[in-house]
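In case you want the letters, here they are:
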Amino acid sequence: MSTFTLVTGGARSGKSSYALEQCEEQGRNRCFIATCPVIDPEMDDRIRAHKLERQGRNWHSIEEEVNLAAKLDGLHQSQVVLIDCLTLWVNNLMYRSSQVQKIFGEQEIKAEAEKLLSAIERFPGHVCCVTNEVGLGIVPDNALARKYRDLVGSCNRYLAKNADEVILVSCGIPLALKSRSN
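Residues numbered from 1 in each chain as written. Predicted model: local features only at pLDDT ≥ 70, side-chain atom pairs only at ≥ 80, totals over all residues. Heavy atoms only, no water.

Trainee: Could you give me a rundown of the sheet that holds strand 6 (residues 165–170), with the residues and numbers involved?
Mentor: Taken together, 7 strands build an open sheet; the order of strands is 3-2-4-5-1-6-7 and the sheet is mixed. Looking along the sheet, the strands with just one partner apiece sit at the ends: strand 3 (59–63) and strand 7 (173–178). Between one strand axis and the next, the sheet turns by 20° as a mean value, whatever way the strands run. Examined bridge by bridge, strand 2 (residues 30–34) and strand 4 (residues 80–84) share 5 bridges and lie parallel to one another. If you follow arginine 30 over to strand 4, its bridge partner there is valine 80. Where helix 1 (residues 15–24) meets the sheet, its contacts fall on strand 1 (3–9), strand 2, strand 3, strand 4, strand 5 (126–132), strand 6 and strand 7, and the angle it forms with strand 5 comes to roughly 175°. (Pairing = 2+ DSSP bridges. Helix = DSSP H or I, 4+ residues; strand = E, 2+ residues; numbered from the N terminus. Axes fitted to C-alpha atoms, helices over the stretch in contact; angles between N-to-C directions. Contact = heavy atoms within 4.5 Å.)

Trainee: Describe the packing of aromatic side chains, with residues and values.
Mentor: What the rule picks out here adds up to 1 aromatic pair. Arranged with centres 6.2 Å apart and planes meeting at 90°, the rings of phenylalanine 32 and tryptophan 59 form a pair that is edge-to-face. Of this pair, phenylalanine 32 sits in strand 2 while tryptophan 59 sits in strand 3, and the two are 27 residues apart along the sequence. For tryptophan 59, a relative accessible area of 13% puts it in the buried group. Taking the ring centre of tryptophan 59 as reference, the NZ or CZ of arginine 30 above it sits at 5.3 Å. (Phe/Tyr/Trp six-rings, centres within 6.5 Å; stacked < 30°, edge-to-face > 60°. Buried < 20%, exposed > 50% of the residue type's maximum accessible area, 1.4 Å probe, protein only. Lys NZ or Arg CZ within 6 Å of the ring centre and 35° of its normal.)

Trainee: Break down the pattern of salt bridges for me, with residues and values.
Mentor: If you walk through the whole model with that rule in mind, you get 6 salt bridges. The salt bridge involving arginine 48 is made with aspartate 45; its shortest N-O contact spans 3.0 Å. Within this pair, arginine 48 and its partner aspartate 45 are both found in helix 2 (residues 41–54), separated by 3 residues, close to a single helical turn. Aspartate 73 serves as the salt-bridge partner of arginine 122, at 2.7 Å between the closest nitrogen and oxygen. Placement of the pair is arginine 122 in helix 5 (residues 106–122) and aspartate 73 in helix 3 (residues 68–73), with a sequence separation of 49 residues. (Salt bridge = Lys/Arg side-chain N within 4 Å of Asp/Glu carboxyl O.)

In structure tokens:
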């Protein structure tokens, strides 16, 4: 039976470290799906730091920037899957759409979220997704950034509604917004 946890929080809040620790308690056969593309040396340093954090902790890592549902469907050997992060996934979806001059809006993010949710439901173990809470900051000053913020917020809302558990990490402290017992 599948279980699904959504971990959210601000930048550098400790959400990824929290998700790693929680997933390690779920089982030994673990897969980490990274959505972050390497776009510059600074991002490469961030990716390297995340890889070092997982080193020696029994994680199999794969990279998938866009097609999370298909990747999750192919992970039959894993008991636990951690997807980090959905915020970059939305960015990647928007970017890929822009490269082929397609609109990526509310309907498209809802369809992508539904595909991911269906794959999570089919997965026989535990899935944890990490995402940024983007709605607590200032309103961005340009239309593209506002659209991105809105689409991440919509994605988070669709997934949180269907998650068994939603955890907000603030200042390294996990706060249960929705628990399995609710």
